[in-house]
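# Breakdown of the fold
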Amino acid sequence: MHKNSVIEINPSAHKENIDFLRKTFGKKVILSSVVKGNAYGHGLKEFAEMAYSNGITHFSVFDVEEAKIIFDTLEKKVTILIMGFVADDDLDWVIENQIEFFVFERYRLAKATKIAKKLKKKAIIHIEVETGMNRTGFDLKNISKVAQYLIKEKEYLHFKGLCTHYAGAESIANYYRVTKQIEIFNKAEEIFKSLGIKPEIKHSACSAASMMFPETRMDLVRIGIIQYGFWPSTEVLVSYLNSKKKKIDPLQRVISWKSEIMSVKRVKSGEFIGYGTSYMAKDNMKIATIPLGYSHGYSRSLSNQGRVLINGKRCGVIGTINMNMLTIDVTEIDNVKKGDEVVLIGNQESLSLSVASFSDLSNMLNYELLTRISKTIPRKIIK
Ligand SMILES: *Cc1c(COP(=O)(O)O)cnc(C)c1O
């Protein structure tokens, strides 16, 4: 743990996002909180505890490591769903503790059945359908075989869910592709039905799909980015605002990332700042260094691009981001001194800074920058 910076998590902001989502989806839809990637950088353990106190009882993770952190934190009080990787060695633990998991290949189905038999416990599975993302999932042509297998092994396999994932619901450019995916998913469901077997629940929506394609909400939504207070893309935000009379963004950022100035100095006009020649002072300047760099997750792609807040003003990152330091232009800021607060994400006085607000860079930056924030930075739940 180091003290170069701190990440603050705001429970009431999360509560507002959850309330907004519940109001949008209705009471019947289960809200699964997606917490892969260290809860999108928020800190898995801290975030899960907070989300639970805000009423979340269903979590979706990528792998067993993440599932174990939630299980150790919240024990049997919540449902845990693994959407991605389970090593063979871990299947015992998963089935023993009734952790739910995606199954997207015959091998996993057979393995799960074998272990369930050994443990005398049902494996709780979600059958993933390949609908067009072309990543993981059973192809439509194999669905009837899967159905027959589930019927044959129903004492050991609990057919909890039928699911899929969309390839880019955050962009209207993918409208045709996503619509096709929905059709294929419905066909898969029909095949199960025709063979007399039904999943307990169906689910397919991530944040973007749940907002852009209401029919994808089904019984459960897997909500990542929106619960943290970020829109999956500007298109999703605009589409939401256009559907409302009051053009107000209902989401609140849950995370803040703060550091402090470690040194202030003056640089003469014509000097280069930092490594190489990526930034030259065009005037006499005042600069501040911050003890954060790419090793802490402040992406090098923000070199000469990033923005931070100091003394209630927006200031630009200059030069390249170093491993442990970055440099800020504070020429226009009076009374700036060592120890002053620096906000990398969050609010200061009347200003607010989001991860992607630096420039018109792709919104994928939200996902990437958040998950890159180093695990070693302390996470603090604020009051
Ligand atoms: C990451 C992920 C989600 C959540 O995506 P968001 O865009 O953050 O809401 C949902 N489902 C699956 C399978 C995922 O991998």
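Throughout what follows, the structure given in this document is the object of discussion.

## Comments concerning the packing of aromatic side chains
Using the criterion set out here, one finds nine aromatic pairs in the structure. Judged by centre distance (5.4 Å) and plane angle (90°), the ring pair of Phe 20 and Tyr 240 falls under edge-to-face. You can see Phe 20 sitting in helix H1 (residues 11-25) and its partner Tyr 240 sitting in helix H10 (residues 234-242), a full 220 residues away along the chain. Each member of the pair, Phe 20 together with Tyr 240, is buried. Seen in terms of ring centroids, Tyr 40 and Tyr 228 are 4.7 Å apart; in terms of plane orientation they differ by 25°. Their pairing is stacked. Of this pair, Tyr 40 sits in helix H2 (residues 36-40) while Tyr 228 sits in the loop between strand E9 (220-223) and H10, and the two are 188 residues apart along the sequence. For the pair formed by Tyr 40 and Tyr 228, the shared burial category is buried. A network of ring pairs unites the aromatic residues Tyr 40, Phe 47, Tyr 228 and Tyr 367 as a single cluster. Directly above the aromatic system of Trp 93 lies the positively charged group of Lys 68, at a separation of 5.1 Å from the ring centroid. Sitting over the face of the ring of Tyr 279, Lys 282 holds its NZ or CZ atom 5.0 Å from the ring centroid.

## Description of the pattern of salt bridges
Applying the stated criterion to the full structure yields 14 salt bridges. Between Asp 88 and Arg 108 there is a salt bridge; the shortest N-O distance is 3.1 Å. Of this pair, Asp 88 sits in the loop between strand E4 (79-85) and helix H5 (91-96) while Arg 108 sits in helix H6 (residues 106-119), and the two are 20 residues apart along the sequence. For Asp 340, the salt bridge goes to Lys 337, with nearest N and O atoms at 3.1 Å. Looking at Asp 340, the relative accessible area reads 9%, which means it is buried.

## Some details on the site of the ligand
Around the ligand sit Val 34, Lys 36, Tyr 40, Met 83, His 165, Cys 206, Ser 207, Arg 222, Gly 224, Ile 225 and Tyr 367, and those are all the residues in its vicinity. One of the side-chain nitrogen or oxygen atoms of His 165 is found 3.4 Å away from a nitrogen atom of the ligand. A distance of 2.9 Å separates a nitrogen atom of the ligand from a polar atom in the side chain of Arg 222. Split into classes, the residues belonging to the shell around the ligand amount to six nonpolar, three polar and two charged.

## So, empty space enclosed by the protein
On inspection of all chains with the given rule, the structure shows two cavities of 30 Å³ or more. The space that makes up the second largest cavity amounts to roughly 40 Å³. Around the second largest cavity, the lining residues are Glu 128, Val 129, Glu 130, Thr 131, Met 133, Asn 134, Arg 135, Thr 136, Thr 164 and His 165. Here the lining of the second largest cavity is composed, by residue class, of two nonpolar, five polar and three charged.

## Side note on H1
An ideal rise of 1.5 Å per residue puts 21 Å on 15 residues; H1 measures up with 21 Å between its terminal C-alpha atoms. Within H1, burial applies to Pro 11, Ala 13, His 14, Asn 17, Ile 18, Phe 20, Leu 21 and Phe 25. Looking one or two residues beyond H1, the residue adopting positive phi is Gly 26, at roughly 85°.

## So, the sheet that holds strand E5 (residues 100-103)
Here eight strands make up a closed barrel; going around it, the order is E2-E3-E4-E5-E6-E7-E8-E9 and the pairing parallel. Neighbour-to-neighbour, the strand axes of the sheet open up by a mean angle of 30°, direction not taken into account.

## Some details on the layout of surface pockets
There is about 590 Å³ of room inside the largest pocket. Taken together, 28 residues form the lining of the largest pocket, with Lys 36, Met 133, Arg 135, His 165 and Cys 206 sitting closest to its centre. Among the residues forming the lining of the largest pocket, the class breakdown is 17 nonpolar, six polar and five charged.

## Focus on the packing of helix H7 (residues 143-152) against helix H8 (residues 175-194)
Across the interface, H7 lies against H8 with an axial gap of 9 Å and an inter-helix angle of 40°. One finds that H7 runs oblique with respect to H8. Note on packing geometry: the crossing formed by H7 with H8 is right-handed. Residues Ile 143, Ser 144, Val 146, Ala 147 and Leu 150 of H7 touch H8, and the partners they reach there are Ala 188, Ile 191 and Phe 192. Here the contact of H7 with H8 is built from residues that sort into seven nonpolar, one polar and no charged.

## Some details on unusual backbone geometry
Here the phi dihedral of Asn 38 falls at roughly 55°; this positive angle occurs in a residue that is not glycine. Along the chain, the position of Asn 38 falls in helix H2. Even without a glycine there, the phi angle at Glu 75 is positive, about 50°. For Glu 75, the location among the structural elements is in the loop between helix H4 (64-74) and E4.

## Some points on the pairing of strand E8 (residues 201-205)
For E8, a buried count of four out of five residues is recorded, marking the element as mostly surrounded by other parts of the structure. As judged from the three bridges shared by strand E7 (residues 157-163) and E8, these two strands associate in the parallel manner. By the bridge assignment for E8, Cys 163 is matched with His 203. Here E8 runs beside E9; their pairing, made up of two bridges, is parallel.

Conventions used here
- Residues numbered from 1 in each chain as written.
- Predicted model: local features only at pLDDT ≥ 70, side-chain atom pairs only at ≥ 80, totals over all residues.
- Heavy atoms only, no water.
- Phe/Tyr/Trp six-rings, centres within 6.5 Å; stacked < 30°, edge-to-face > 60°.
- Helix = DSSP H or I, 4+ residues; strand = E, 2+ residues; numbered from the N terminus.
- Buried < 20%, exposed > 50% of the residue type's maximum accessible area, 1.4 Å probe, protein only.
- Lys NZ or Arg CZ within 6 Å of the ring centre and 35° of its normal.
- Salt bridge = Lys/Arg side-chain N within 4 Å of Asp/Glu carboxyl O.
- Near = heavy atom within 4 Å.
- Polar contact = N/O pair within 3.5 Å; in protein donor to acceptor, adjacent residues only side chain to side chain.
- Nonpolar A, V, L, I, M, F, W, Y, C, P; charged D, E, K, R; others polar.
- 1 Å grid on protein atoms, 1.4 Å probe; cavity = no way out; pocket = protein on both sides within 12 Å on 5 of 7 lines; lining within 4 Å.
- Points joined across faces, edges and corners; volume = space filled by probe spheres on them.
- Expected span 1.5 Å × (residues − 1).
- Pairing = 2+ DSSP bridges.
- Axes fitted to C-alpha atoms, helices over the stretch in contact; angles between N-to-C directions.
- Parallel < 35°, antiparallel > 145°, perpendicular 65-115°, else oblique.
- Left-handed = near helix turned anticlockwise from the far one by under 90°.
- Contact = heavy atoms within 4.5 Å.

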